[in-house]
Amino acid sequence: QRITMRPRILVNVREIDMTTSFLGAPSSLPLYFTATALAKLAHPDGEVGIVRAAHKAGVPYMLPTLSSYTLDEMLAARTPGQQLFAQLYVNPERSRSEEYVKKLEE
């Protein structure tokens, strides 16, 4: 069986819509900012700056478990209605993981 590719040349791309969603979270582009540990090593604003940039770009951000800022500081940087994902490395002391998840659910 042959498959033929037929490229579309000179297609009008003036008005395209790249919006989509991830697990119900709207995104202006088909991507999200993933969790990156210790972002403050790359920039003084670290994860707090990424939370703000994600909102400005209209894309979701996954909060890292191992971050330069506390979870409370990252959550405080959110804009009202901004949806975030969260990475979770389960702590050997399960109560710490439970506390982390409860903060995220608030």
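For the structure, see preceding data.
To keep things clear, this report deals only with the structure shown in the data block. (Residues numbered from 1 in each chain as written. Predicted model: local features only at pLDDT ≥ 70, side-chain atom pairs only at ≥ 80, totals over all residues. Heavy atoms only, no water.)

Observations concerning the nonpolar core
Under the convention used in this document: Put simply, buried Ala, Val, Leu, Ile, Met, Phe, Trp, Tyr and Cys residues joined by side-chain atoms within 4.5 Å make one nonpolar core. The buried label goes to any residue with under 20% of its type's maximum accessible area, the exposed label to any with over 50%, and the partly exposed label to all in between, with areas taken from a 1.4 Å probe on protein chains only. What counts as a helix is a DSSP run of H or I of at least four residues, what counts as a strand is a run of E of at least two, and both are numbered from the N terminus. Contacts between residues were defined by any pair of non-hydrogen atoms, one from each residue, lying within 4.5 Å.
Ranked by size, the top nonpolar core spans twelve residues in total: Val48, Val51, Ala54, Val59, Tyr61, Leu63, Tyr69, Leu71, Met74, Leu75, Ala77 and Tyr100. Elements that contribute at least two residues to this core include exactly helix H1 (46-57), strand S3 (61-63) and helix H2 (71-76). Ignoring sequence-local partners within four residues, the contact set of tyrosine 100 consists of Leu63, Pro64, Thr65, Leu71, Ala86, Gln87 and Leu88.

Some remarks on the packing of aromatic side chains
Put simply, the rule is: What counts as a ring pair is set by centres within 6.5 Å for rings of Phe, Tyr and Trp (its six-membered ring), and what kind of pair is set by the plane angle: stacked under 30 degrees, edge-to-face over 60, tilted for all other angles.
Considering all chains together, one arrives at two aromatic pairs under this definition. Where tyrosine 32 meets phenylalanine 85, the ring centres are 6.4 Å apart and the plane angle is 90 degrees; that geometry is what we call edge-to-face. Remark: phenylalanine 85 occurs in strand S4 (residues 84-86) and tyrosine 32 occurs in the loop between strand S2 (25-27) and H1; sequence separation between them is 53 residues. A relative accessible area of 34% means that tyrosine 32 is categorised as partly exposed. These aromatic residues form a ring-pair network of at least three members: Phe22, Tyr32 and Phe85.

Digging into a nonpolar patch on the surface
Heads up, the rule is: What goes into a patch is any residue over 30% in relative accessible area without a salt bridge, connected to like charges within 9 Å or, for nonpolar side chains (Val, Leu, Ile, Met, Phe, Trp, Tyr), within 5 Å. The method behind every accessible area is Shrake-Rupley, applied with a 1.4 Å probe, and residues are considered shielded solely by the protein chains displayed. Throughout this description, the term salt bridge denotes a Lys or Arg side-chain nitrogen within 4 Å of a carboxyl oxygen of Asp or Glu.
A surface patch of nonpolar side chains, amounting to about 500 Å² of accessible area, comprises Val11, Val13, Ile16, Met18, Leu29 and Leu31. Among the secondary structure elements, leucine 31 is positioned in the loop between S2 and H1.

Thoughts on unusual backbone geometry
Located in the positive-phi region is leucine 23, a residue other than glycine, with phi close to 50 degrees. Tracing the backbone shows leucine 23 in the loop between strand S1 (20-22) and S2. Phi is positive for leucine 38, which is not a glycine, with a value near 50 degrees. Relative to the elements of secondary structure, leucine 38 occurs in the loop between S2 and H1.

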